[in-house]
Amino acid sequence: ASNKWNLKKVSKIYKKNTGLEYDKRKRIEIYNDIKKNDPEVVVSIGSSHFFSNNNPNNLVPLSGVSNSQTIQCNENGYYAIYKSDRYGFKNPDYEWDSKEIEYLLIGDSYTHGSCVNMPNDIGSVLRTLTGKSVLNLGYGGAGTLIEYATLREYLPENVKNIILFFYENDTRNLSTEVNDPTIQKYLNDKNFKQNLVDKQELIDKKIRSKIENEKKYFSV
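This section reports on the structure supplied with the text. Since we're looking at a predicted model, the values are computed, not measured.

Taken together, three strands build an open sheet; the order of strands is β1-β2-β3 and the sheet is mixed. The open sheet has two free edges, formed respectively by β1 (42-43) and β3 (81-83), since each of these has just one partner strand. Relative to β3, strand β2 (residues 69-71) is paired through three bridges, and the arrangement is antiparallel. Looking across to β3, one finds that Ile 71 is bridged to Ile 81. Along the sheet, helix α2 (residues 27-35) contacts β1, β2 and β3; its crossing angle with β2, the most-contacted strand, is approximately 160 degrees.

The following block contains the structure:
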């Protein structure tokens, strides 16, 4: 009852401040609603959903589905939705073609811009303030080992500065990441890569299958 009361109170405040109705739908509801007009829509799910305890050859995505409307979450009265880039990250796709990338961001959901629409996410704000190229490789649910693996897989050669956003919960995620046999390889073999840049079609299929077959990941 307390949660319902709080939602009612927050909804009134949101309506008063914005003139808009607070979106009370569950993520599966907005997914199904958008899917009626955009069958390619997806939701954002983290790498940990693809971990395997006993398969060292398991492909573990470190980003999302490419070139697709991607639903994140609702903490501000609306669901944040963005068009992913060619590798499934939250960037304007043209950033990958930049002659020089001034800032590369790496981190978890805060860096990813969870629950915040562009251009209010941290990558977009930095892009606007500096007028420089910014490439955001942050993704929700990532711990420090996933972040390291992401740099191994996606770091372009033309990056001038890397900005790491670290939070206390990253170490909790790390305790899970070190137990996955695929992710362990990034620690044990300095030359290991999944070569994810060349496997985006396979990544897209794997994530879409997870979304359709295990909707519990975005039912709330």
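Turning our attention to the pattern of salt bridges. Counted by the stated rule, this structure contains 13 salt bridges. A salt bridge links Arg 86 to Asp 93; the nearest nitrogen and oxygen atoms lie 2.9 Å apart. Between Lys 160 and Glu 102 there is a salt bridge, with its nearest N and O atoms 3.4 Å apart. Here the residue Lys 160 occupies a position in strand β6 (residues 159-164), and Glu 102 occupies one in strand β4 (residues 101-106), the gap between them amounting to 58 residues.

Our next topic: the side chain of Ser 98. On the secondary structure map, Ser 98 appears in the loop between β3 and β4. Leave out the neighbours within four places in its chain, and Ser 98 touches Ser 133 and Asn 158.

Take the packing of aromatic side chains next. Aromatic ring pairs: the centre-centre distance and the angle between the two ring planes describe each pair. For the structure on display, the rule yields eight aromatic pairs. In textbook terms, an aromatic cluster arises when at least three aromatic residues are bridged by ring pairs, as seen for Tyr 87, Phe 89, Trp 96, Tyr 139 and Tyr 154. The ring of Phe 50 carries the charged tip of Lys 210 above its face, separated from the ring centre by 5.4 Å.

Another point: the packing of helix α5 (residues 144-154) against helix α6 (residues 169-177). Taken N-terminus to C-terminus, the directions of α5 and α6 make an angle of 75 degrees; their axes are 6 Å apart at the nearest point. Between α5 and α6, the angle is such that the two are roughly perpendicular. On the side of α5, the interface is formed by Thr 144, Leu 145, Ile 146 and Glu 147, while α6 contributes Asp 170, Leu 174 and Glu 177.

Parameters at a glance
Residues numbered from 1 in each chain as written. Predicted model: local features only at pLDDT ≥ 70, side-chain atom pairs only at ≥ 80, totals over all residues. Heavy atoms only, no water. Pairing = 2+ DSSP bridges. Helix = DSSP H or I, 4+ residues; strand = E, 2+ residues; numbered from the N terminus. Contact = heavy atoms within 4.5 Å. Axes fitted to C-alpha atoms, helices over the stretch in contact; angles between N-to-C directions. Salt bridge = Lys/Arg side-chain N within 4 Å of Asp/Glu carboxyl O. Phe/Tyr/Trp six-rings, centres within 6.5 Å; stacked < 30°, edge-to-face > 60°. Lys NZ or Arg CZ within 6 Å of the ring centre and 35° of its normal. Parallel < 35°, antiparallel > 145°, perpendicular 65-115°, else oblique.

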